[in-house]
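What the coordinates show
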Amino acid sequence: MSTAPSPVGVAVSAEVEAALASGGAVVALESTIISHGMPYPKNLQTAMEVEAIVRENGAVPATIAILDGVPHVGLNSEQLKRLAISGTQFQKTARRDIVQLVASGGNGATTVSATMFFAHKVGIPIFVTGGSEACTDTVKRVSSFQLSMDISSDLTELGKTPVAVISAGVKSILDISRTLEYLETQGVTVAAYQTNEFPAFFTDTSGCKAPCRVDSPEECAKIIDANKKMHLGSGILIAVPIPKQHSASGNIIESAIQQALKEADDKKITGNAITPFILDRVKVLTGGSSLEANIALVKNNALTGARIAVALSDLRKTATNRCVRSAL
């Protein structure tokens, strides 16, 4: 896969650029899950499988990362491998970190906020996340919020960047009801996919009613299209429940999360170090079942996101053709 120069200061792969130019379906993918979410070679295998799922469902995957100071949208196999092998040597990159990495020629794995920024910059309307740390960073942490108003930049990004984020909801280590309230404050449309209850990442229930419900890729596409037409300027969060066959392990994982939270508190681990610590401890405490659940849900999100991207592409092409016929 060659990389074509981009007029917006980002290296966009030829495949992604061609798809965008033709109005095709493109799905943005973050890279923190590859570098910080799981060990090599599991991370590379998962990244390739997620991209394959997107392709099999009619869309073009666009994994985003910063390589040697250059933001890339759409990575080739060698670039994916480099990212996977390097792991945490790649800096976990939020919006605030972008300019420093670009200026210094550094390497960065994008979180939700940075991925949304670059996706919107090149015109990709849909972004799939939902594994490992990515979704955890989408929302504020309970203790941090209560003590210091530490709110993730991913939440504020959703409030100002018109990209639809497909995730598995919010982990129970976070305050889901307050998160939904903050998203409301930011003007973010929040929808649950084929359920009335907002999902809680490892489980399909949270006790929180979703602000709205969507039941098909076509419904999701209409919401995304309406958001653009209304020029709201804010993002959309579409929460997809974890597949039923994997949600059964939710109680075991929940117990491990509570233990990991206590350990983090005892060790006084705070800030952006708390999420990787908790995820690593939960993986150990559950014998790896949390990692498998993570992989299952991000693959399911990729499937759903690709179908939404195709539906959105079809919707917009139909509207364009209708306009052309009306003009004749």
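Each residue is numbered by its place in its chain's sequence as written, counting from 1. Residue-level local features of this predicted model are given only where pLDDT is at least 70; pairs of side-chain atoms are given and counted only at 80 or more, and the full residue set underlies all totals for whole chains, interfaces and linings. Side-chain descriptors were evaluated using all non-hydrogen atoms of the structure, hydrogens and water having been removed beforehand.

**What to know about the packing of helix α11 (residues 217-229) against helix α15 (residues 289-327)**
To get an axis, a line is fitted to the C-alpha atoms, and for a helix only the part in contact is used. The angle between two axes follows their N-to-C directions and goes from 0 to 180 degrees. Under the scheme used here, helices are H or I runs from DSSP no shorter than 4 residues and strands are E runs no shorter than 2 residues, and both carry numbers assigned from the N terminus. Where α11 meets α15, the axes come as close as 8 Å, and the angle between the chain directions of the two elements is 60 degrees. Looking at the two axes, α11 sits oblique to α15. When you trace α11 past α15, the crossing you get is right-handed. Facing Pro217, Glu218, Cys220, Ala221, Lys222, Ile224, Asp225 and Lys228 of α11, the residues of α15 in contact are Arg307, Ile308, Ala311, Leu312, Leu315 and Arg316. When grouped by side-chain class, the residues that make up the contact of α11 with α15 number eight nonpolar, no polar and six charged. An angle counts as roughly parallel when it lies under 35 degrees, as roughly antiparallel when it exceeds 145, as roughly perpendicular when it falls between 65 and 115, and as oblique in every other case. Definitions for this section: a left-handed crossing has its near helix turned counterclockwise from the far helix by less than a right angle. A right-handed crossing has that turn clockwise. Any two residues whose heavy atoms approach within 4.5 Å at even a single point are treated as in contact. Note on residue categories: nonpolar means Ala, Val, Leu, Ile, Met, Phe, Trp, Tyr, Cys or Pro, charged means Asp, Glu, Lys or Arg, and polar means any other residue, Gly included.

**With respect to the nonpolar core**
Put simply, buried Ala, Val, Leu, Ile, Met, Phe, Trp, Tyr and Cys residues joined by side-chain atoms within 4.5 Å make one nonpolar core. Using a 1.4 Å probe on the protein chains alone, a residue whose accessible area is under 20% of its type maximum counts as buried, one over 50% counts as exposed, and one in between counts as partly exposed. The biggest cluster of nonpolar side chains holds 42 residues, and the ones touching the most others in it are Ile126 and Ile238. Considering each element in turn, this core owes the most residues, nine residues, to α15. If we ignore the near neighbours within four places in the chain, the residues touching Ile238 are Val165, Ile166, Ser167, Ala191, Tyr193, Val214, Cys220 and Ile308.

**Regarding the pattern of salt bridges**
Salt bridge, as used here: a side-chain nitrogen of Lys or Arg that lies within 4 Å of a carboxyl oxygen of Asp or Glu. Summed over all chains, the structure comprises 12 salt bridges. Glu292 is paired through a salt bridge with Lys42; the nearest N and O atoms lie 3.8 Å apart. Highlighted residues: Glu292 in helix α15 and Lys42 in helix α3 (residues 42-56), separated in sequence by 250 residues. With relative accessibility at 38%, the residue Glu292 sits in the partly exposed group. Overall, Lys42 belongs to the partly exposed group, its relative accessible area being 26%.

**Things to note about the environment of Val16**
The residue Val16 is located in helix α1 (residues 14-21) in this model. The class for Val16 is buried, based on a relative accessible area of 1%. Linking Val16 and Thr63, residues 47 residues apart in sequence, is a C-alpha distance of 10.0 Å.

**Looking at the packing of aromatic side chains**
Under the pairing criterion, centres of Phe, Tyr and Trp rings, with the six-membered ring standing for Trp, must be within 6.5 Å; the plane angle then separates stacked pairs below 30 degrees from edge-to-face pairs above 60, leaving the rest tilted. This model, assessed by the stated rule, comprises two aromatic pairs. The interplanar angle of 70 degrees and the centroid separation of 5.2 Å between the aromatic rings of Phe117 and Phe118 together place this pair among those described as edge-to-face. By relative accessible area, Phe118 is classed as buried at 2%. Seen from their ring centres, Phe201 and Phe202 are 5.3 Å apart, and the 85 degrees between their planes marks the pair as edge-to-face.

**Concerning helix α10 (residues 176-185)**
Considered for burial, the residues of α10 that qualify are Ile176, Thr179, Leu180, Tyr182 and Leu183. Summarising the axial view, the buried residues of α10 lie within an arc of 160 degrees, below the 170-degree limit, and thus occupy one face. Across α10 from its buried face, at more than 90 degrees, point the exposed residues Glu184 and Thr185. Positive phi shows up at Gly187, right after α10, with a value of about 75 degrees. By definition, the arc is the one covered by directions from the helix axis to the C-beta atoms.

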